[in-house]
Number of protein chains: 2
Amino acid sequence: MKNLTPLEEALKIVLENVKPLESERVFIHEALGRVLAEDVVSDTDKPLFDNSAMDGYAVRWEDIKEVPAKLKVIGEYAAGTGENLKVEKGTAVKIFTGAPIPEGADTVVPVEYTETQDGYVIVKKSFKQGANVRRRGEDVKKGEVVIPKGKEIRPYEMGMLASVNRAVVSVYRKPHVGILSTGDEILDVCEEQTKPSQIRTSNNYTVYGQVLQAGGIPHNLGIAPDEPQKLKEIMRSIHKYDIFITTGGVSMGEKDYVQYLVEDLGIDVKFHKLRIKPAKPVLFGVYGENKLFFGLPGNPVSAAVAFDLLVYPAIKAMQGHREVFKQKVTAILEGDYRRKNADRREFARCRVWFENGRYHCEPYPKQDSHMLTSLVNSNAYMVVYEGVNELKKGQEVEVILF
Amino acid sequence: MKNLTPLEEALKIVLENVKPLESERVFIHEALGRVLAEDVVSDTDKPLFDNSAMDGYAVRWEDIKEVPAKLKVIGEYAAGTGENLKVEKGTAVKIFTGAPIPEGADTVVPVEYTETQDGYVIVKKSFKQGANVRRRGEDVKKGEVVIPKGKEIRPYEMGMLASVNRAVVSVYRKPHVGILSTGDEILDVCEEQTKPSQIRTSNNYTVYGQVLQAGGIPHNLGIAPDEPQKLKEIMRSIHKYDIFITTGGVSMGEKDYVQYLVEDLGIDVKFHKLRIKPAKPVLFGVYGENKLFFGLPGNPVSAAVAFDLLVYPAIKAMQGHREVFKQKVTAILEGDYRRKNADRREFARCRVWFENGRYHCEPYPKQDSHMLTSLVNSNAYMVVYEGVNELKKGQEVEVILF
């Protein structure tokens, strides 16, 4: 098993060769899922002024120490009000949620603890000084960083951007990813079958979806024949893309031409085969300025697994994400799992569910690498480490949710 | 606390009033995250023909029972080959992965267990009959359902669609969602502040992102003033949308006009206030043909929480999703949590992380409902049930990941 690169080493090599892409400016409504390339600071104190947390009456706390207290209502403050009243001893201002606290007042009595009577309000419960008042700047101070560089923009961050008056922000650019299948036998969707030995494509479309899921911009370049000259011509387009992915052509077959072309194309190969199952034949190299080449296996499951393990983190990291891996959790294995050859680390497709405070895991019965059904019917990879031949029902296993 | 609807009851009412929308046809590349509105069946057996799982030699198993065995190589089968050779006693065909098994052969010997010699191959290891052969239909039979109606399309399903030659499939339509803020004091992004008591918007943008995240099509209808006639005019557009969401105007204030207008607009109100914290004032009603109205509170955190708990599942269900809720898991509480009033079920913003096989949870120190920072700095809601005043460090709590 020499010459097989362990997964950790492969990941280290890939991530060492990733630099976040340059930034671009996007509007809030396009920003979901993007990563901030700048610190966003608050344009004002938040709240901008002392205001009422309730509908009720703004009063001097001194006046409601003893209750019931009868206060003269001298006016009304609604949210967005422009009035200029002053609360003096024995008076109150009727106030709505969000309205500024009038001068002189320091406390708000919620409406449900009051009664009105001929222009007066009777306060029936006392409150501590400052009750129901939101203080200027108690959430955020002007100039304070409200969303740091490197944070992913979720809906809450979109709201926060609006609230600090940032219509446009800098985020890291999405990588353009070229996707090329290879193989004389591969038919594209809707292409007519002319020989019984032809196989309908799937890799270009699985990988297209995986690129989208990781936040990249996929470009489906179709299917290249197993002819070195034609293949090389098509692959000269690698420089148009930040990442170039091929499927097929990197195994040990004589007709696996991709591996023989990469050096001619100026790709600096960092590793070829991996100590994992499926997806042993994975070729990784770098070219141009921080551009990445992934030669994935042709088997549908192998290609998908290799993408999830290696390409997904690279696409995430290029966009500035801090968390670049799919979620890894511990699950209880329901049923035994055995394998003969324990040389490689295996990523067994499995079904994972959460029940009674723990994750549980059941491997899918068909694990062959040409069976896409094993992915369609699963939602996680169960990790079987090198040297492990057997996993027992009830033991804890590591799973990667997808 | 009477008149407050418990969350379960509210959810039941909302989901009872959701029907999946009609279906539409989309191409594979647009199908990510959509839900199939039809069963997808396989157009052929998969594999379509017996083929080799390895590069090597196709042989008669009888001929390699005893090894070493010397066999005459009568030709070569590559993937996509059109040749027509027959393997007879004492012969073999050189074969590549994916190539059809030639007539007469039943077993493939991987190339690494062979040696070639002047037109002959020497097989050095015996294999069981059928070894390294993928049998026709062993993954999927023609006409078999490969992706059932109601399943979400992930990248693997995109590959599967291609492999069964389905360029276009039926999925449930995405709902159009109108989003309207209310409040005289609310300034839109970039709008000039003319009075100190004005507040910059956030709700329209948080909700916009939340609708996108749930898979809906958001329409930002801006900010309506607290004037019943104008508000009513704007809200007449509810019939253009599958879901209409307002923020503000449903609390107990006299200026909370939304709640007084809904019946005039033909909205059949199913519940108003909820027994939850934050987000007590939530108004839900139905109108037209299975259209949903959500009057959410004006406080930024309350609006976001109410959306995540009630609107998110509704948008998911309208698109045919079976799993409509955000992921709920159990976590170990790190630190005590206390509250005075235990009347309502609380959704405390918290930080959750996975460590040593378990989730852990730490509530964010600021929980006021106007503080958007509590969401920006959190990744989950900790659920504090009705009647619970205190949670102890180390105990298990329920959290909803967002």
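Residues numbered from 1 in each chain as written. Chains lettered and ligands numbered in written order. Predicted model: local features only at pLDDT ≥ 70, side-chain atom pairs only at ≥ 80, totals over all residues. Heavy atoms only, no water.

- In the nomenclature of an unreviewed UniProt entry, chain A corresponds to Molybdopterin molybdenumtransferase from the organism Aquifex aeolicus.
- Note on chain A: under the UniProt heading Catalytic activity (unreviewed entry), the record states "adenylyl-molybdopterin + molybdate = Mo-molybdopterin + AMP + H(+)". (UniProt positions renumbered as here; feature names shortened; annotations may be inferred.)

**Quick word on the environment of B:Pro281**
All names here are of chain B.
(1) Moving on: By secondary structure assignment, the location of proline 281 is in the loop between strand S19 (276-277) and strand S20 (283-287).
(2) Moving on: The buried category is assigned to proline 281, whose relative accessible area is 15%.
(3) Moving on: If near-sequence neighbours (up to four positions away) are discounted, proline 281 is found in contact with Val250, Ser251, Gly295, Leu296 and Pro297. (Helix = DSSP H or I, 4+ residues; strand = E, 2+ residues; numbered from the N terminus. Buried < 20%, exposed > 50% of the residue type's maximum accessible area, 1.4 Å probe, protein only. Contact = heavy atoms within 4.5 Å.)

**Side note on the relation of the copies chain B and chain A**
(1) Moving on: Mapping chain B onto chain A calls for a rotation angle of 180 degrees and an axial translation of 0.0 Å; the resulting RMSD is 0.0 Å. Taken together, the rotation angle and the small translation identify this as a two-fold axis. Relative to the rotation axis, the closest C-alpha in chain B is found at B:Arg358, a distance of 3.9 Å.
(2) Moving on: In this assembly the copies share their binding face: 100% of the residues contributing to the interface of chain B also contribute to that of chain A. (Least-squares fit on C-alpha atoms with pLDDT ≥ 70 in both.)

**Quick notes on the packing of helix H3 (residues 203-214) of chain A against helix H6 (residues 300-318) of chain A**
All names here are of chain A.
(1) Moving on: Contact geometry for H3 and H6: axes closest at 10 Å, N-to-C directions at 25 degrees. On the basis of their axis angle, the class for H3 and H6 is roughly parallel. You can see that H3 and H6 cross each other, and the crossing is right-handed. Between H3 and H6, the contacting residues are Asn203, Thr206, Val207, Gln210, Val211, Gln213 and Ala214 on the first element and Pro300, Ala303, Ala304, Phe307, Asp308, Tyr312, Ile315 and Lys316 on the second.
(2) Moving on: For the contact of H3 with H6, the class distribution of residues is nine nonpolar, four polar and two charged. (Axes fitted to C-alpha atoms, helices over the stretch in contact; angles between N-to-C directions. Parallel < 35°, antiparallel > 145°, perpendicular 65-115°, else oblique. Left-handed = near helix turned anticlockwise from the far one by under 90°. Nonpolar A, V, L, I, M, F, W, Y, C, P; charged D, E, K, R; others polar.)

**Some thoughts on the interface of chain B and chain A**
(1) Moving on: Facing 86 residues of chain B, the contacting portion of chain A comprises 86 residues.
(2) Moving on: When the two sides are added together, the surface that chain B and chain A hide from each other amounts to roughly 6,700 Å², 60% of it contributed by carbon and sulfur.
(3) Moving on: Our enumeration of links across chain B and chain A arrives at zero salt bridges.
(4) Moving on: Taken together, the links from chain B to chain A amount to 25 residue pairs in polar contact (both at pLDDT 80 or more).
(5) Moving on: Of all the secondary structure elements, the ones that give two or more residues to the side of chain B that touches chain A are helix H2 (155-163), strand S15 (199-200), helix H3 (203-214), helix H6 (300-318), strand S22 (328-333), strand S25 (358-363) and helix H7 (373-376) of chain B.
(6) Moving on: The element that contributes the greatest number of residues to the side of chain B that touches chain A is H2(B), accounting for eight residues. (Buried area = accessible area lost by both parts, 1.4 Å probe. Salt bridge = Lys/Arg side-chain N within 4 Å of Asp/Glu carboxyl O. Polar contact = N/O pair within 3.5 Å; in protein donor to acceptor, adjacent residues only side chain to side chain.)

**With respect to empty space enclosed by the protein**
(1) Moving on: In total, this model carries one cavity of 30 Å³ or more according to the counting rule given.
(2) Moving on: Reported here for the largest cavity is a volume of approximately 30 Å³.
(3) Moving on: In this structure, the largest cavity is lined by A:Thr330, A:Phe354, A:Gly357, A:Arg358, A:Tyr359, B:Phe354, B:Gly357, B:Arg358 and B:Tyr359.
(4) Moving on: Those elements that place two or more of their residues in the lining of the largest cavity are strand S25 (358-363) of chain A together with S25 of chain B. (1 Å grid on protein atoms, 1.4 Å probe; cavity = no way out; pocket = protein on both sides within 12 Å on 5 of 7 lines; lining within 4 Å. Points joined across faces, edges and corners; volume = space filled by probe spheres on them.)

**Let's talk about the pairing of strand S17 (residues 243-247) of chain A**
Residues and elements named next belong to chain A.
(1) Moving on: Taking burial as the measure, the five residues of S17 include five buried ones, the bulk of the element.
(2) Moving on: Here S17 shows two buried faces, one formed by Ile243, Ile245 and Thr247 and the other by Phe244 and Thr246.
(3) Moving on: As judged from the five bridges shared by strand S13 (residues 176-182) and S17, these two strands associate in the parallel manner. When the sheet's bridge partners are listed, glycine 178 is paired in S17 with phenylalanine 244.
(4) Moving on: Direction of pairing for S17 relative to strand S21 (residues 291-296): parallel, over a ladder of five bridges. Residue pairing in the sheet places isoleucine 245 in a bridge with phenylalanine 294 of S21. (Pairing = 2+ DSSP bridges.)

**Brief notes about the domain arrangement of chain A**
All names here are of chain A.
(1) Moving on: If you check the domain split of chain A, you get domain 1 (7-21 + 174-318), domain 2 (23-44 + 146-172), domain 3 (51-134) and domain 4 (328-401).
(2) Moving on: Using only C-alpha atoms to locate each centre, domain 1 and domain 2 end up separated by 33 Å.
(3) Moving on: Contact residues are listed per partner, giving four residues for domain 1 and four residues for domain 2.
(4) Moving on: With both sides pooled, the region where domain 1 packs onto domain 2 buries about 300 Å², and carbon together with sulfur makes up 52% of that total.
(5) Moving on: When the buried area of domain 1 at its contact with domain 2 is split by residue, Pro20, Leu21 and Lys174 rank highest and sum to 86% of it.
(6) Moving on: Summed over the shared surface of domain 1 and domain 2, the number is zero salt bridges.
(7) Moving on: If you look at where domain 1 meets domain 2, you find zero residue pairs in polar contact (both at pLDDT 80 or more).
(8) Moving on: Its residues assigned to classes, the side of domain 1 that touches domain 2 comprises three nonpolar, no polar and one charged. (Domains from an automatic or database assignment.)

**Some thoughts on the pattern of salt bridges**
(1) Moving on: Scanning all chains against the criterion turns up 52 salt bridges over all chains.
(2) Moving on: With a closest N to O distance of 3.7 Å, A:Asp336 and A:Arg338 form a salt bridge.
(3) Moving on: Taking the relative accessible area as the measure of exposure, A:Arg338 reaches 54% and is therefore exposed.
(4) Moving on: A salt bridge links B:Asp264 to B:Lys232, with the shortest nitrogen-to-oxygen separation between them at 3.0 Å. Linking B:Asp264 in the loop between helix H5 (258-261) and strand S18 (268-271) with B:Lys232 in helix H4 (residues 228-235), this pair joins segments that are 32 residues apart in sequence.
(5) Moving on: Residue B:Lys232 is classed as buried on the basis of its relative accessible area of 15%.
(6) Moving on: In the salt-bridge network here, residues are joined through shared partners; they are A:Asp336, A:Arg338, A:Glu390 and A:Lys392.

**Here we look at unusual backbone geometry**
(1) Moving on: With an omega dihedral of -5 degrees, the bond running from A:Lys46 to A:Pro47 counts as a cis peptide bond.
(2) Moving on: Cis geometry is found at the peptide bond from B:Val67 to B:Pro68, where omega equals -5 degrees.
(3) Moving on: Tracing the chain through its elements places B:Pro68 in the loop between strand S4 (56-59) and strand S5 (69-77).
(4) Moving on: A positive phi angle, near 85 degrees, is found at A:Ala279, a position not held by glycine.
(5) Moving on: A positive phi angle, close to 70 degrees, is found at B:Cys190, a residue other than glycine.
(6) Moving on: Tracing the backbone through its elements, the reader meets B:Cys190 in the loop between strand S14 (186-187) and S15.
(7) Moving on: In this structure B:Cys190 comes out as exposed when scored by relative accessible area, which is 57%.

**A word on the packing of aromatic side chains**
(1) Moving on: Enumeration over the complete set of coordinates arrives at 19 aromatic pairs over all chains.
(2) Moving on: Between the aromatic rings of B:Phe284 and B:Phe294, the centroid separation amounts to 5.0 Å while the plane-to-plane angle is 45 degrees, which identifies the pairing as tilted. Taken together, the residues span a long stretch of sequence, with B:Phe284 in strand S20 and B:Phe294 in strand S21 (residues 291-296) at a distance of 10 residues. B:Phe294 carries the same exposure label as B:Phe284, and that label is buried.
(3) Moving on: Through a chain of ring-to-ring contacts, three or more aromatic side chains come together here, namely A:Tyr156, B:Phe347, B:Tyr381 and B:Phe402.
(4) Moving on: Lying over the aromatic face of A:Tyr113, A:Lys125 brings its terminal NZ or CZ to 4.8 Å of the ring centre. (Phe/Tyr/Trp six-rings, centres within 6.5 Å; stacked < 30°, edge-to-face > 60°. Lys NZ or Arg CZ within 6 Å of the ring centre and 35° of its normal.)

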